[in-house]
Amino acid sequence: QVQLLESGGGSVQAGASLRLSCVASGGTFSTYDVAWFRQAPGKDREFVCSKTSGGRTTYLGSLKGRFTVERRNAKKAMYLQMNNLKPEDTAVYYCALDRLGSGQQYRYWGQGTQVSVSS
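Notes on the structure follow. As the structure is a computational prediction, the values presented were derived from the model and not from experiment.

Moving on, we come to the overall build of the chain. Counting its regular elements, the chain contains zero helices and eleven strands. Scanning the chain from its N terminus toward the C terminus, one meets helices and strands in the order β-β-β-β-β-β-β-β-β-β-β. Projected onto its principal axes, the C-alpha coordinates of the chain cover approximately 40 × 25 × 25 Å. A buried classification covers 46% of the 119 residues belonging to the chain. Of the accessible surface of the chain, which amounts to about 6,100 Å², a share of 45% is contributed by carbon and sulfur atoms.

Inspection of the secondary structure puts R99 in strand β9 (residues 91-100). Looking at R99, its side chain comes within polar contact range of the main-chain oxygen of G103, at 2.9 Å. Among the polar contacts listed, one links the side chain of R99 to the side chain of Q104, at a separation of 3.4 Å. Aside from chain neighbours lying at most four places away, what touches R99 is D33, S50, T52, Q104, Q105 and Y106.

Grouped together as the largest cluster of nonpolar side chains are 29 residues, with contacts concentrated most on W36, L80, M82, Y93 and L97. Residue assignment for this core shows that the elements contributing at least two residues are β3 (18-25), β4 (34-39), β5 (46-51), β7 (67-72), β8 (77-82), β9 and β11 (113-118). Discounting chain neighbours no more than four positions away, the residues touching L80 are L18, R19, L20, W36, V48, C49, F67, T68, V69 and Y93. In this structure, A35, F47, A96 and Y106 belong to the second largest nonpolar core, which totals five residues.

What counts and what doesn't
- Residues numbered from 1 in each chain as written.
- Predicted model: local features only at pLDDT ≥ 70, side-chain atom pairs only at ≥ 80, totals over all residues.
- Heavy atoms only, no water.
- Helix = DSSP H or I, 4+ residues; strand = E, 2+ residues; numbered from the N terminus.
- Buried < 20%, exposed > 50% of the residue type's maximum accessible area, 1.4 Å probe, protein only.
- Areas by Shrake-Rupley, 256 points an atom, 1.4 Å probe, with all protein chains shown as cover.
- Polar contact = N/O pair within 3.5 Å; in protein donor to acceptor, adjacent residues only side chain to side chain.
- Contact = heavy atoms within 4.5 Å.
- Core = buried A, V, L, I, M, F, W, Y, C linked by side-chain atoms within 4.5 Å.

Now the structure itself:
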């Protein structure tokens, strides 16, 4: 059984940067595709970005250039670097591991970490 522990959220002003971390316990991390999602108040959860086990990245179009997904297989960790944050980035951010099929469904999820951006 894989467990994911997230950290790094917080409250910042617009224009600031944050780096979210997600560390896995159990499983074979290097073989899994990883992803980040977010859910803003009153909205559905949305895909943010992903990185396959082979290193291919995919981003929500509007976030490309500001957000960067990284993975460190030796540490069983994944990261989300968020730059030039905007109030509309306010959401609970979730890491996810082990893609199911060819879409954006994942087997394992973190507990979520709150990111709040004020103007």
